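Observations on the three-dimensional arrangement
Residues per chain, in single letters:
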Amino acid sequence: MDFLRPASWEEALAAKAEHPTAVPIAGGTDVMVEINFDHRRPEYLLDLNRIGELSEWEVGQEKVRLGASVPYSSIMDHLRAELPGLALASHTVASPQIRNRGGVGGNLGTASPAGDAHPALLAADCEVEAESVRGTRLIPIDAFYTGVKRNALEPDELIRAVHIKKADGPQQYSKVGTRNAMVIAVCAFGIALHPETRTVRTGIGSAAPTPIRAKEAEDFLNAALEEGGFWENGKIITPAIAKQFAALASGACNPIDDVRGTAKYRRHAVGIMARRTLGWTWEQYRGAGRTLEGAA
Ligand SMILES: Cc1cc2nc3c(=O)[nH]c(=O)nc-3n(C[C@H](O)[C@H](O)[C@H](O)COP(=O)(O)OP(=O)(O)OC[C@H]3O[C@@H](n4cnc5c(N)ncnc54)[C@H](O)[C@@H]3O)c2cc1C
């Protein structure tokens, strides 16, 4: 196995163009597990760790440009206000050691349906900045996941950054695991309220072949909130609306039975998480300190 160590982004793109089968390695928390277990024996490893800009971020007017290798611990420490959903999701990833190494670029590279960044990215809305020697393109997150552990990157492309909309309202992330830490999601749910556009977006993890949005649930909720004037009057969301939102989120799942949980349990749990996270975020939107009547 050859180890390629580009010193700059341009060198990395050139190396990937020359060796399209080269496997990029950032934190290595997925790649090294695969190599250690002999699940993968790439001819070339493309080490991205000398490229400092991949671990940097910029906070713009509307978006955060998050370098592909920014570790979860930095997101938790520095971007909680701008990216609350992703910061909450980062909290649930593994252990401090893994959170210091692993990042969103690696999560996207692996594209596991259980990756914790995905529901938060889907709910917040973002674009993946992919680049090759041929040029740069922004891939909408909805188009990024193409199959089980597959993504929309071309063989010569690398992820440079992710452009994530800054929160304009409350966001939440909820995850069910077989224990409280160091655990892959049995299933997970992310939600983001976008008061500026009067929309709610969602993300579901580990309950379908790819991370997905619960689009019917979003459409139903967006219409119900608009119809009832909820965004203006800040009224409590009725139990009937919360229940239907949960049922539609549950119905969006297409899970499997596996060692971590059954399909039936996953559907059920996603419905519960959808209802709870809607309640939490809506209560935050209405103003701190009030009690949630009815929707709990
Ligand atoms: C003990 C343990 C516990 C874990 N727990 C969790 C958990 O709770 N939740 C969770 O989501 N994940 C978990 N993981 C998985 C892993 O930590 C995450 O997926 C992490 O985000 C990977 O980031 P990384 O930088 O280490 O990626 P790497 O391992 O370096 O790379 C992962 C994949 O992305 C590709 N890649 C990396 N950077 C780029 C780039 N810039 N452009 C293109 N492709 C790229 C690599 O080629 C590879 O295919 C765990 C892993 C371990 C070992």
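Scroll up a little and you will see the structure.
What you see is a predicted model; the values in this text were computed from it and never measured.

This part is about helix α7 (residues 117-124). With eight of eight residues buried, α7 lies mostly within the body of the structure. What α7 keeps buried is the set A117, H118, P119, A120, L121, L122, A123 and A124.

Turning to the pattern of salt bridges, a few remarks are in order. Between side chains of opposite charge, a pair can form as their charged atoms come close. Following the criterion strictly, the structure yields 20 salt bridges and no others. Between R5 and D47 there is a salt bridge, and its shortest N-O distance comes to 2.9 Å. You can see R5 sitting in the loop between β1 (2-4) and α1 (9-18) and its partner D47 sitting in strand β3 (residues 44-47), a full 42 residues away along the chain. We classify R5 as partly exposed; its relative accessible area is 42%. When its relative accessible area of 5% is taken as the criterion, D47 is described as buried. One salt bridge connects R213 with D142, and the closest N-O pair in it is separated by 2.9 Å. Of this pair, R213 sits in the loop between β13 (199-205) and α8 (215-227) while D142 sits in the loop between β7 (135-140) and β8 (145-147), and the two are 71 residues apart along the sequence. Residue class for D142 comes out partly exposed when judged on its relative accessible area of 38%. Salt bridges sharing common partners tie together D125, D142, K165, R201, R213 and E218.

This next bit is on the sheet that holds strand β12 (residues 187-194). The three strands lie next to each other as β11-β12-β13, forming an open sheet whose pairing is antiparallel. This sheet does not close on itself; its edge strands, each paired only once, are β11 (171-176) and β13. Neighbour-to-neighbour, the strand axes of this sheet turn through a mean angle of 10°, independent of strand direction. Relative to β12, β11 runs antiparallel, the two sharing six bridges.

Further remarks concern the side chain of D116. Checked against the element boundaries, D116 lands in the loop between α6 (104-110) and α7. On the accessibility criterion, D116 (8% relative accessible area) is buried. A polar side-chain atom of D116 sits 2.5 Å from a polar atom in the side chain of Y173. At 2.7 Å, the side chain of D116 and the side chain of K175 are in polar contact. Apart from the residues lying within four places of it in its own chain, the contact partners of D116 are A89, T92, V93, N107, Y173, K175 and A185.

Turning next to the sheet that holds β1. Pairing is parallel across the open sheet formed by three strands, whose spatial order is β1-β3-β2. Either end of the sheet is taken by a strand with one partner, and the two such strands are β1 and β2 (23-25). Ignoring strand direction, the axes of neighbouring strands in this sheet form an average angle of 30°. For β1 and β3, the ladder comprises three bridges, and the chain directions are parallel. The residue bridging L4 from the neighbouring strand is L46, located in β3.

Turning next to the packing of aromatic side chains. Inspection of the entire model under this criterion finds six aromatic pairs. Ring plane angle 75° and centroid distance 5.2 Å describe the contact between W231 and Y285, whose orientation is recorded as edge-to-face. One end of the pair, W231, is in helix α9 (residues 230-233); the other, Y285, is in helix α11 (residues 263-286), with 54 residues separating them in the sequence. W231 gets classed as buried once you look at its relative accessible area, which sits at 6%. These aromatic residues form a ring-pair network of at least three members: F230, W231, W282 and Y285. In this structure, K235 is placed above the aromatic ring of F230, and the distance from its NZ or CZ to the ring centre is 5.4 Å.

What follows concerns the packing of helix α10 (residues 239-252) against α11. The N-to-C vectors of α10 and α11 enclose an angle of 140°; their axes lie 8 Å apart at closest approach. Here α11 runs oblique to α10, going by the angle between their axes. Every pair of crossing elements has a handedness; the one defined by α10 and α11 is right-handed. Note on element contacts: α11 touches α10 through R267, H268, V270, G271, A274, R275 and L278, opposite A242, F245, A246, A249 and S250. Broken down by class, the residue content of the contact of α10 with α11 amounts to seven nonpolar, three polar and two charged.

With six of eight residues buried, helix α4 (residues 84-91) lies mostly within the body of the structure. Looking only at α4, the buried set comprises P84, G85, L86, A87, A89 and S90.

What counts, and where the lines are drawn
Residues numbered from 1 in each chain as written. Predicted model: local features only at pLDDT ≥ 70, side-chain atom pairs only at ≥ 80, totals over all residues. Heavy atoms only, no water. Buried < 20%, exposed > 50% of the residue type's maximum accessible area, 1.4 Å probe, protein only. Helix = DSSP H or I, 4+ residues; strand = E, 2+ residues; numbered from the N terminus. Salt bridge = Lys/Arg side-chain N within 4 Å of Asp/Glu carboxyl O. Pairing = 2+ DSSP bridges. Axes fitted to C-alpha atoms, helices over the stretch in contact; angles between N-to-C directions. Polar contact = N/O pair within 3.5 Å; in protein donor to acceptor, adjacent residues only side chain to side chain. Contact = heavy atoms within 4.5 Å. Phe/Tyr/Trp six-rings, centres within 6.5 Å; stacked < 30°, edge-to-face > 60°. Lys NZ or Arg CZ within 6 Å of the ring centre and 35° of its normal. Parallel < 35°, antiparallel > 145°, perpendicular 65-115°, else oblique. Left-handed = near helix turned anticlockwise from the far one by under 90°. Nonpolar A, V, L, I, M, F, W, Y, C, P; charged D, E, K, R; others polar.

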